[in-house]
Structure formats: structure tokens, C-alpha cells
Amino acid sequence: MPAVSKGDGMRGLAVFISDIRNCKSKEAEIKRINKELANIRSKFKGDKALDGYSKKKYVCKLLFIFLLGHDIDFGHMEAVNLLSSNKYTEKQIGYLFISVLVNSNSELIRLINNAIKNDLASRNPTFMCLALHCIANVGSREMGEAFAADIPRILVAGDSMDSVKQSAALCLLRLYKASPDLVPMGEWTARVVHLLNDQHMGVVTAAVSLITCLCKKNPDDFKTCISLAVSRLSRIVSSASTDLQDYTYYFVPAPWLSVKLLRLLQCYPPPEDAAVKGRLVECLETVLNKAQEPPKSKKVQHSNAKNAILLETISLIIHYDSEPNLLVRACNQLGQFLQHRETNLRYLALESMCTLASSEFSHEAVKTHIDTVINALKTERDVSVRQRAADLLYAMCDRSNAKQIVSEMLRYLETADYAIREEIVLKVAILAEKYAVDYSWYVDTILNLIRIAGDYVSEEVWYRVLQIVTNRDDVQGYAAKTVFEALQAPACHENMVKVGGYILGEFGNLIAGDPRSSPPVQFSLLHSKFHLCSVATRALLLSTYIKFINLFPETKATIQGVLRAGSQLRNADVELQQRAVEYLTLSSVASTDVLATVLEEMPPFPERESSILAKLKRKKGPGAASALDDGRRDPSSNDINGGVEPTPSTVSTPSPSADLLGLRAAPPPAAPPAPTAAGNLLVDVFSDGPAAQPSLGPTPEEAFLSPGPEDIGPPIPEADELLNKFVCKNNGVLFENQLLQIGVKSEFRQNLGRMYLFYGNKTSVQFQNFSPTVVHPGDLQTQLAVQTKRVAAQVDGGAQVQQVLNIECLRDFLTPPLLSVRFRYGGATQSLTLKLPVTINKFFQPTEMAAQDFFQRWKQLSLPLQEAQKIFKANHPMDAEVTKAKLLGFGSALLDNVDPNPENFVGAGIIQTKALQVGCLLRLEPNAQAQMYRLTLRTSKEPVSRHLCELLAQQF
Amino acid sequence: MQFMLLFSRQGKLRLQKWYVPLSDKEKKKITRELVQTVLARKPKMCSFLEWRDLKIVYKRYASLYFCCAIEDQDNELITLEIIHRYVELLDKYFGSVCELDIIFNFEKAYFILDEFLLGGEVQETSKKNVLKAIEQADLLQEKTENIYHSKHFHWCKKAY
């Protein structure tokens, strides 16, 4: 077909394009483009009305410039004009421009929608298709609002042309994906299902996609599609290779339609109707049989199309997971592909077998291919194929082959690509733990991991080995012996020192009988590594040393000497210095008995699911996407709105009447109420009243309240204000009235925190039944773990009691826990609820980074929801030093020389939770003239950005 | 399918079709990242790779790479043949298509794609039907300015 007759060659456009291609530099290109833009602008603005052809040509040029990557800020109107042209090509270019460069300009949208409406009503099938393509390409909510109701009508209308039906089906699909609420289900749905019977294969092809999407949300409404899809599939599968004429692709009848039909069937369980099921099984068998026939063509297209159907068939068989015979056949088929000369097929076979491995019917059959898969891991040249092989080995692993698979993976690790090492390490660690019959094998495996790929062994992995060794006394002696030997290597990885230090500190006594590993030898071996290690490891070793003093009194003098050395006692690192000082004092003042108690062997860890598994799951999703993903999986835990439910029990259970005179408002009966307290009294009387309570919850957070084990009142009105004082500091007075003072001292490290609460009785009378408790409202329980120690039930007049809280941040949270204090004073029960000053920013770990890194990360977090911004008036004098101190107190690192404006503050940090880490970047721009600030937060998790922004904005 | 990109061996983007809503910034970032990843791969490597939470299916035809991003449950091999069918359609329409045809007649490349794929799904697999739709359009257009086209065709062959 000669190209000469094609198209509508726009001479000016071709000249412009070749000019651009001839540009020698980027600058020349930009210059040429600017010249052209000026020219087009003047043409559009000129007095002379442009004819349709010129308008089309200029719009097309603009489109070309945009597609080159330049911004276009005009021409939309001219493009919209083209939509109403009667000439097809002008209309077509207009639509193309609109599809590529949609503008949310409302005036324009109205015009565009109008033009589309006209074309849809035109009864001219080519115009209708153009309009439908445009709706599908834009797919915005506005388009949905305007057309979602009309399109089903066009789709099922008896007089619609086939091509229009095809476009309408997929157009509807796109709108449904974008905004499902806009597409009304109705009478048309039944007729859509019957499009599966349509004579036109193209119509069926388009309709199946639509049905597959719709039936996922409304499976029952579309159930009739099963039998129709089966009969359609059966007709295709059994047709001769030329029956379907133009729908046959390289001797394969209708491959795209077949794959789509098989996908549709995967939305449902196996057919209930025996006849339908029989027919389907026959189809599946036919596909499997055909795979064994000699190919009808040597072309790769033939085998690809044929195998696409075959693999989709296998997916359906795996989905049903009920036909052992078919599963085993599928497995054998994939087994053949494992050794196919086409890399693509080997890749897909490995991938597909992974799912087969989890079926009880085919697990054994998959296992027979172990040697081939191991070979693939060793010899495949493409890393993505090797990765699949590693995945499959992991999936097919069980007790019978664990040793072989783990040792092969370990061997592979020595040469593995850096990109996948960490994942392999995690997999090995999980398999070794899961299938360990004797734990000495497990210990050997993990130590091997550290030896081979120490850098990729994360904390989760070596923590886990310590937990397991601590919990199983049958392996402790072996572990001590093995780490002792491993540490003798001249160069050993720091993670080995950590594991070794910990294990010898706990169980070194088990090997101390052997003169080759006598206590002094153990100590000097560990200490020989000390100076090469990081602070964290040295801190761990210091703990090992103090444990040695208890285990082996004969080492006491040596170790005290080490602790006493200037390099420890005056170490610049606070943590090391503190440990050295405290351990030295402990070893000198404490009696042997006390020492033995304090330094007793660690108690067994509570059994729980391996944290490594969670880590592996997280690894699967890359980077920021995985953090978002986490959020998606568990929306209720973060979404404040999702969690808001007025808890019926708060409303229906009235507090005991004594609470009406709650402490938070009640001064001691004798003293006259202070003026401020008097105001509160009124509020509180109402707030505890059952009926009034819901209306008094002014913020969503307060509605979040759910009663704890006991009946907990809502936080006092000033609780938020009190909480705010502690966002940027950790110590101070949390609350004070005439009776009671509550002081706070807290420290946080990583995702852990310890808080000391000091309750001071300001009166001269004893408080009785004194009980402070911590309550986790709503979902907080899954986000934050707070362990409290009980305190004495009596607090004498003038005395102070202390309560220790251990806090662990499990995942990101938005609401602080509540502290409820109750006691009897002067014959009445006093109760008071405060917000405990634990906010998400406490778990910040400051991160230093260079300007370049900062901006790169900043850009990475550019999804609209990842950013939160607030512009607010300064509530305090704008002093740079104070601001700095506050930001540091907030927890992020302050980065100098990042923001081009030295007045601005830029910070970075990572919020550490047990489940995930959230990277945070912040920027605070003071405007001294206006007495305003602009605060911008970007984090990888949307609710966190918003929450941090709100917390911090209240500090200035 | 979430998107399709055509780019040259030098990394120049020749066609981009997005079937999911993304900002221009994200589109540019994705393009940059993928072009780099795909160009770095060696010729005999497999045509599929995992990328973010998507699967990338790509194939090289002469100087052009065709690259599709599909979702987890989508079929890789049939996507490879979507690419091939698109190439066949371009070839049939332009007559031994080359990269220059797509540069100079980019709008046609988009029109043909719209007839074949819509909203990321295959709309019509029959070569005849797709080309019929495009040719109808060509017949509807005015017969002006055809002279230049023949000249351009000439260049195209030469450069190829």
C-alpha cells in the first residue's frame, strides 16, 4: 500500500518536524520551538479568521511540541473549535489534542462536553467513535458525570454499529474504573452479558473486558456470563485454525478473546452446572492436548499466541484448584517449558509454577523439578529469570527438601546480584527457621548468612536468631560453641560480633569448661573486635562484659579495668559513657546476689510470628509504593474518618454520679473554686452527662473515644493544649490543679520509649484507691503498645509516686493514648482524663543529608496526598533560635545549606515504627513581615503528613 | 494495560499512551526510569520484568522499543503479541514502517492505536477492521497537500 495516498500531509508540520530534527543542540531546538510558538500565537490572535486546515495544522504543531516535553499554555480553544468541524480529520486532530492535553478549565470542559454530546447524537458512526475514544482517553470524573448514564444506552441499542458498540463497551469500562459510583447498574447489564453471544468477534472481545471488570463487584448480577463464556470458548478452542478468518492470528484462533474469556472465568468458582463444567473441562483438556501437537508455524508469534492461551488455561486450573488430574498435567507442561530454549517461556514457567507449588494437589509434582530450578538459579544469564527461580525454590520448599534448597540459596548468595541479596537473605532465614528439625542446623545457616552476606542481614534476622536461641535450651550450648568459633576468623562481619557478643553474654558459661574457650579467652576474643565496631555494637558488647562479670567472677578485675579506662568513662558518645559508668558502679557496689539477679539470663521471648516474614512482604513492594500499599491494606488503622464511630457504650452507660464532680473541675471542697475552674465545672457537669456528650465532641479525635476496661471520661477540655506543650519537649509538668500535680519525664529511641510519670499529692490528706491507667482509644491498640506498672494505691499527703511506662510504636498513629487517673479524696471519687504526651513525632530519628539528596527525596514524595501544607499566623515572637530549638525538639534533623533562602528551615527524619518506617521531610518558611509561616510536610504516608503538619503548626 | 511507550535506541520518546490518570510530572519520571531500565538490558534477555508493582513487557523492532506496563494478573505473552499486532498495523498502513513514519505522522500512530486498544484493553484484533476504520477516515479527508507527502516518503526510505 503506497504511503503516498495516506494521510493528509500537512506540509508546514513536516517542515517544522524536520527543522526540529536538524537542530544540533537543545538550545537550538528550544529557540526553534519558541519561534514557532510565537508564530502560532500571532496566527491565533490575528484579525484574519483562520480556515479549518490552518487551525488543524497549528493545533497539530502544538501537540507535537507538547509531546516533545515542552509546556503548552494556549491553543485549547482552537482545538475545541476543531471538534465541531464537519471535516473528519479536523475533528480528529481536535479530539487528539483534547485527549492528550486535558485542561480542567471549567468553561472549556463545558464546550468539550457539548461537542462530544453532539457527536454522540450524530448517528454518524465514525463521529460517535471519535467521541467515545475521547471520553475513554480522558476518563476523568467530569466526563463520567456527563456521559456515564448515556453510554450503556448506546452500548445495548439495537441500531448501534458494531464499531460503536466496541468503543462504547471499553469507554464504559474506563469510566467505571475511574469512578464506579457514576455508572448505574440496571436493565442494560443483562443485555451486556448477552453480547458474549454476538456474531461480531470484535464486539465480543470488547464486551468481555467490560464484563470481567463489572462482575468483580457484582458477581451475582453477571453469573449468567459463565455458561456463555464457556460455550464461546469451546467454539473457539475446537475451531480449525482458519475458521475465524481475520480473527485467527498466526494459525491460532482468536488468541486475545480466548485469553480474555479465561480471565473472566477466573472471577468465579468452578461452574455448578455439571454440563457446563464438563464442557469447560473438555476445553481445558483440549488446550493442554494442543500444546503437545507439532507447531503449525515456526514463527514466534504462533507459539507466543498459543502459549498465552495455554498459560492462561493453567492459571484457571490453578484458580479452581480442584482437578488434581489437570493440575498435574499443568505442572508437567510447565516442566517442559522450564527447559525451553525461549527465555520468555522459562521465565513464565518459573512464575506460574510458583502458584502451583502452593496447591496440595500439585506441590509434589512441582518438587520433582527441583534440579532444573536449581540449575536455572545457577546458569540463567538474565537476573530477572534467576529471581523467578529463587522465588520458585522458596515456594516449593518443605521439610523434605529444605536442607538442599537452603544450601543452594546460600551458595547462590555468594555471587548473587546485589539487587536481590537482601531478599534472598530473608528467604533463607525464613526457610531455615520454618523447616528446622534440629536447631543446630538453623544456627549454622544463619551464621553462614552473616558470613556470606553480612551487609544484607537486617536486624530482624539476627534478632530472630537470638530469640530462638534464648527460647530453646537444647541449642544454647551449640550456639555458644559455634559463635565462638566463628568469631575466631580474622575478619568477621560486625553482625557476627553482635550475635556472638549477645550469645556469649548469655550462654558463654556453657562452653567455659573447655580451656580453649575459658572465660578470659572468650573475653579477649570479643574485646579484640571492640575497637573496630560501631557505637551500637560496642554498647551491646559492654552489656556482654557486665554479664561476664556475673557469669565469670574471675574476669571481674579485667573487665572493670576496661570499663574504667578513659576511653569508656569519658567517651564522647553518651550511650557508651553511661553504660560504662553504670556498669562499673554496678559491678563495684552490688553484692554477688544482687548482681546475679540483675544480670540473670534473659527470660524466653513470647512466641510470635516471625518479624522477618513481615519484612519480606514489605520488600516485595518497592520503596514508597510499599508504604502506601501498607496503608491501603489496612485503611481503618490510619484513617481517622474510617475509625470514627460514636461508641454506643459511652453514650448508653451513664457514669456513676460521683463522677459528675470529677477532679478535673472540682477543687477540694473546702477551697473556693478558682475562676477558671469554675467555668470548667459547668462544662464538665454536662460533658459527663450521657445525653450531652456526643454534642460536646468538637473534633473528630474526640469522637474517637471508646471506653477502656473501666469507664473513662472524655479528656479534660484543656487536654489538647497540654498535649501541645509536649510536642517539642519530653519533660515538664503535664497537669496541675489544687490537688494533684503530674510531671513527665520521657525518652524515646527508635520505636521505643520510656516515660516516667510523677504524681504529686499537693494536699495533706492521703489519696486512696489511687489508680492511673492508660487507655488506647479506637484502633490505637494495634498501633501503640504501652505497658504500665501498677503504683501503690495510697499516696500520702505531700508525697510523690512514680509510674514507669514502656512504650512501643507498632505502626503510625494519629491519636495519643489517654491517661485516666482516679482516686478517692475526702470521701469522693475524683477522676481525670488527660492525653498522654506520646505523639508520632516522638519516634523520629533525625536524618542528615546533603542538599542534593534532600531535593531528590522531596521530588520522590510528590504525590498530592504525600504532602501536607499549612499557612498560619505566628502565635509567638518569630525568633530563629527558638524556632530551631523547637524543630530539633520535634525530632527531625535540621539541614543547613539546603534551602536557597537562609531564613527558611529544612528538616528530615525517619519515623520508626515496628511495622514500617516513614521518611519525613519538612520545610518551614517564616515570613517576618506578614508574621506568618508556611509549613510543608512530605512523607511517604498520607495521614502522617497531615498529622505532623497539624502538630507542628501549633508550635509557632 | 496501564500505559504504552515507544522510544528509540537513543532514548527519545516517540509515542506515549497512558490509560491511568497520572500527573505530567509522574509521567515524565516513569518514562525516564523505564527508558533507562529497558535500554540497559541486553539483547537476549527475557522480554518481561517486574517494575514497581507492575509487569513490563517490551520488544525491540529495528531502532524502536515498544514497551507496555501491565498489571499483575495480565498475560505477558499476549501483551507481547499486542505489540506485534500494533507493529503489523503500522506496517500495513505506512508500508514497511520505520521510525521516521512515526515521527512525521505521529497523529496517525495515535489514531491507529486508538482503533486497536481503548482504555488499555484490546478493542479490535482484526487487522482488516482496524485499517478499514482508518482508511474510511482518510477517504473523508480533503485531497489537498498530497504532493508533500510523497516527498517525505522518499526521505523516510533513504534514512532507513
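Residues numbered from 1 in each chain as written. Chains lettered and ligands numbered in written order. Predicted model: local features only at pLDDT ≥ 70, side-chain atom pairs only at ≥ 80, totals over all residues. Heavy atoms only, no water.

Looking now at the overall build of chain A. Across its full length, chain A carries 44 helices and 16 strands. Taking all 956 residues of chain A together, 54% fall into the buried category. The long-range share in chain A, meaning contacts at least 24 apart out of those at least 6 apart in sequence, stands at 68%. Roughly 42200 Å² of accessible area belongs to chain A as shown, and the carbon and sulfur atoms make up 52% of that amount. (Helix = DSSP H or I, 4+ residues; strand = E, 2+ residues; numbered from the N terminus. Buried < 20%, exposed > 50% of the residue type's maximum accessible area, 1.4 Å probe, protein only. Contact = heavy atoms within 4.5 Å. Areas by Shrake-Rupley, 256 points an atom, 1.4 Å probe, with all protein chains shown as cover.)

On a plain count of helices and strands, chain B comes out with six helices and seven strands. For chain B, the N- to C-terminal ordering of α and β elements is β-β-α-β-β-β-α-α-α-β-β-α-α. Put simply, chain B has 160 residues, and 63% of those count as buried. Nonlocal contacts in chain B, meaning residues at least 24 apart in sequence, comprise 51% of its contacts between residues at least 6 apart.

What follows deals with the interface of chain B and chain A. Counting from both sides, the interface comprises 75 residues of chain B and, opposite them, 80 residues of chain A. Counting each side, the surface lost to burial between chain B and chain A is near 6900 Å², with a carbon and sulfur contribution of 56%. Here chain B and chain A share three salt bridges between them. With a closest N to O distance of 2.8 Å, Asp 382 of chain A and Arg 41 of chain B form a salt bridge. Ranked by residues supplied to the side of chain B that touches chain A, first place goes to helix H2 (residues 76–94) of chain B with 12 residues. Here the side of chain B that touches chain A is composed, by residue class, of 27 nonpolar, 16 polar and 32 charged. (Buried area = accessible area lost by both parts, 1.4 Å probe. Salt bridge = Lys/Arg side-chain N within 4 Å of Asp/Glu carboxyl O. Nonpolar A, V, L, I, M, F, W, Y, C, P; charged D, E, K, R; others polar.)

A contiguous patch of positive charge on the surface is contributed by Lys 859 of chain A together with Lys 25, Lys 29 and Arg 32 of chain B. Sorting elements by how many residues they give to the positive patch places helix H1 (residues 24–39) of chain B first, with three residues. (Patch = residues over 30% accessible without salt bridge, like charges linked within 9 Å, V, L, I, M, F, W, Y side chains within 5 Å. Lys, Arg positive; Asp, Glu negative; His and termini not counted. Charge placed at Lys NZ, Arg CZ, Asp CG, Glu CD.)

Note: most peptide bonds trans; most residues except glycine with negative phi. All names here are of chain A. Backbone geometry places Gln 750, a non-glycine residue, at a positive phi of 50°. Considering the arrangement of structural elements, one finds Gln 750 in the loop between strand E4 (740–749) and strand E5 (752–761). Gln 750 gets classed as partly exposed once you look at its relative accessible area, which sits at 39%. The phi torsion at Gln 931 lies on the positive side, around 55°, for a residue other than glycine. Residue classification places Gln 931 among the partly exposed residues on the basis of a relative accessible area of 35%.

Let's shift gears to the side chain of Asn 304 of chain A. Following the sequence through the fold, Asn 304 of chain A ends up in helix H16 (residues 300–320). Judged by its relative accessible area of 5%, Asn 304 of chain A falls in the buried class. Contact partners of Asn 304 of chain A, with chain neighbours within four places excluded, come to Leu 77, Leu 80 and Glu 81 of chain B.

Our focus in this paragraph is the pattern of salt bridges. Applying the stated criterion across every chain yields a total of 48 salt bridges over all chains. For the salt bridge of Glu 33 of chain B with Arg 52 of chain B, the shortest nitrogen-to-oxygen distance reads 3.1 Å. Here Glu 33 of chain B, found in helix H1, pairs with Arg 52 of chain B, found in the loop between strand E3 (48–51) and strand E4 (54–61); they are 19 residues apart in sequence, far enough to count as distant. You can call Glu 33 of chain B partly exposed: its relative accessible area is 28%. Residue Arg 52 of chain B is classed as partly exposed on the basis of its relative accessible area, which comes to 33%. Each of the salt bridges in this network shares a partner with another, and the network as a whole consists of Arg 388, Asp 391, Glu 423 and Lys 427 of chain A together with Glu 50 of chain B.

For chain B, mean pLDDT is 85; residues scoring 70 or higher make up 87% of the total. pLDDT under 50 marks residues 142–160 of chain B. Its contacts with residues more than four places away, or in other chains, come to 38 contacts. (pLDDT = per-residue confidence, 0-100.)

Throughout the structure, instances matching the rule amount to 30 aromatic pairs over all chains. On the numbers, 5.7 Å between centres and 50° between planes, the contact of Tyr 347 of chain A with Phe 48 of chain B is tilted. Here Phe 48 of chain B lies in strand E3 and Tyr 347 of chain A lies in helix H18 (residues 343–357), a pairing that spans two chains. Here Tyr 61 of chain B and Phe 66 of chain B contribute two aromatic rings whose centre-to-centre distance is 5.5 Å and whose plane-to-plane angle is 80°, an arrangement assigned as edge-to-face. Taken together, the aromatic side chains of Tyr 759, Phe 767, Phe 770, Phe 823 and Tyr 825 of chain A make up a single cluster linked through ring pairs. (Phe/Tyr/Trp six-rings, centres within 6.5 Å; stacked < 30°, edge-to-face > 60°.)

Moving on, we get to the pairing of strand E10 (residues 828–835) of chain A. Residue and element names in this part refer to chain A. Along E10, seven of the eight residues are buried, which leaves the element largely enclosed by surrounding structure. Where strand E9 (residues 818–825) meets E10, eight bridges bridge the pair, whose relative direction is antiparallel. Pairing of Leu 819 across the sheet is with Leu 834, part of E10. (Pairing = 2+ DSSP bridges.)

The subject of this paragraph is the confidence of the model for chain A. Residue and element names in this part refer to chain A. Model confidence for chain A is summarised by a mean pLDDT of 83, while 88% of its residues fall at 70 or above. Taken element by element, the predicted model of chain A shows its lowest mean pLDDT in helix H40 (residues 700–703) (32) and its highest in helix H14 (residues 255–265) (96). In the model, residues 1–7 has pLDDT below 50 throughout and makes 21 contacts with residues more than four positions away in sequence or in other chains. Within the model, the stretch residues 621–710 combines pLDDT values under 50 with 118 contacts to residues more than four positions away or in other chains.

Turning to the sheet that holds strand E6 (residues 768–775) of chain A, a few remarks are in order. Hydrogen bonds along the backbone pair up the strands of a sheet, which may run parallel or antiparallel. Residues and elements named next belong to chain A. Strand order in the open sheet made by the three strands is E6-E9-E10, with antiparallel pairing throughout. Two strands lie at the open edges of the sheet, namely E6 and E10, each paired on one side alone. Neighbour-to-neighbour, the strand axes of this sheet turn through a mean angle of 10°, independent of strand direction. (Axes fitted to C-alpha atoms, helices over the stretch in contact; angles between N-to-C directions.)

Residue and element names in this part refer to chain A. Running from N to C, helix H3 (residues 52–67) and helix H5 (residues 88–100) cross one another at 30°; their axes reach a closest spacing of 10 Å. Between H3 and H5, the angle falls in the class roughly parallel. In this structure, the crossing between H3 and H5 has a hand that is left-handed. Within the contact between the two elements, H3 uses Gly 52, Tyr 53, Lys 56, Val 59, Cys 60, Leu 62, Leu 63, Phe 66 and Leu 67 and H5 uses Thr 89, Glu 90, Ile 93, Leu 96, Phe 97 and Val 100. (Parallel < 35°, antiparallel > 145°, perpendicular 65-115°, else oblique. Left-handed = near helix turned anticlockwise from the far one by under 90°.)

Right, let's talk about the sheet that holds E5 of chain A for a bit. Residue and element names in this part refer to chain A. With antiparallel pairing, five strands are arranged side by side in an open sheet as E3-E4-E5-E8-E7. The open sheet has two free edges, formed respectively by strand E3 (732–736) and strand E7 (784–788), since each of these has just one partner strand. With direction set aside, neighbouring strand axes in the sheet form an average angle of 25°. Pairing analysis gives four bridges linking E3 to E4, with the strands arranged antiparallel. Looking at the pairing, Phe 735 lines up with Ile 742 of E4.

Assignment of secondary structure puts Asp 444 of chain A in helix H24 (residues 439–453). The residues contacting Asp 444 of chain A, other than those within four sequence positions of it, are Tyr 478 and Thr 482 of chain A.

Residue and element names in this part refer to chain A. Given a rise of 1.5 Å per residue, 19 residues ought to cover 27 Å, and the 27 Å separating the end C-alpha atoms of helix H15 (residues 274–292) matches this to within 8%. Listed in full, the buried residues belonging to H15 are Val 276, Leu 280, Val 281, Cys 283, Leu 284, Val 287 and Leu 288. Each buried residue of H15 sits inside an arc of 150° when the element is viewed along its axis, so together they form one side. Turned more than 90 degrees away from the buried face of H15, the exposed residues are Ala 274, Ala 275 and Glu 282. For H15, the elements touching its buried residues are helix H13 (225–238), H14, H16 and helix H17 (324–338). For H15, the N-terminal capping position is held by Asp 273, with its side-chain oxygen 2.7 Å away from the main-chain nitrogen of Ala 275. (Expected span 1.5 Å × (residues − 1). Arc of directions from axis to C-beta. Polar contact = N/O pair within 3.5 Å; in protein donor to acceptor, adjacent residues only side chain to side chain.)

Moving on, we get to the packing of helix H23 (residues 418–434) of chain A against helix H25 (residues 459–471) of chain A. All names here are of chain A. For the pair H23 and H25, interaxial distance at closest approach is 11 Å and the crossing angle is 15°. If you check the angle between H23 and H25, you find them roughly parallel. For the element pair H23 and H25, the recorded crossing hand is left-handed. Taken together, the residues of H25 that come into contact with H23 (itself represented by Val 425, Leu 426, Ala 429 and Glu 433) are Val 461, Arg 464 and Ile 468. Considered class by class, the residues forming the contact of H23 with H25 number five nonpolar, no polar and two charged.

By size, the foremost hydrophobic cluster in this structure holds 269 residues, and its most contacted members are Ile 116 of chain A together with Tyr 86 of chain B. Setting aside chain neighbours within four positions, we find Tyr 86 of chain B in contact with Met 4, Leu 6, Leu 15, Phe 66, Ala 109, Ile 112, Leu 113 and Phe 116 of chain B. Ranked by size, the runner-up nonpolar core spans 63 residues in total, among them Tyr 759, Phe 890, Leu 922 and Phe 956 of chain A. (Core = buried A, V, L, I, M, F, W, Y, C linked by side-chain atoms within 4.5 Å.)

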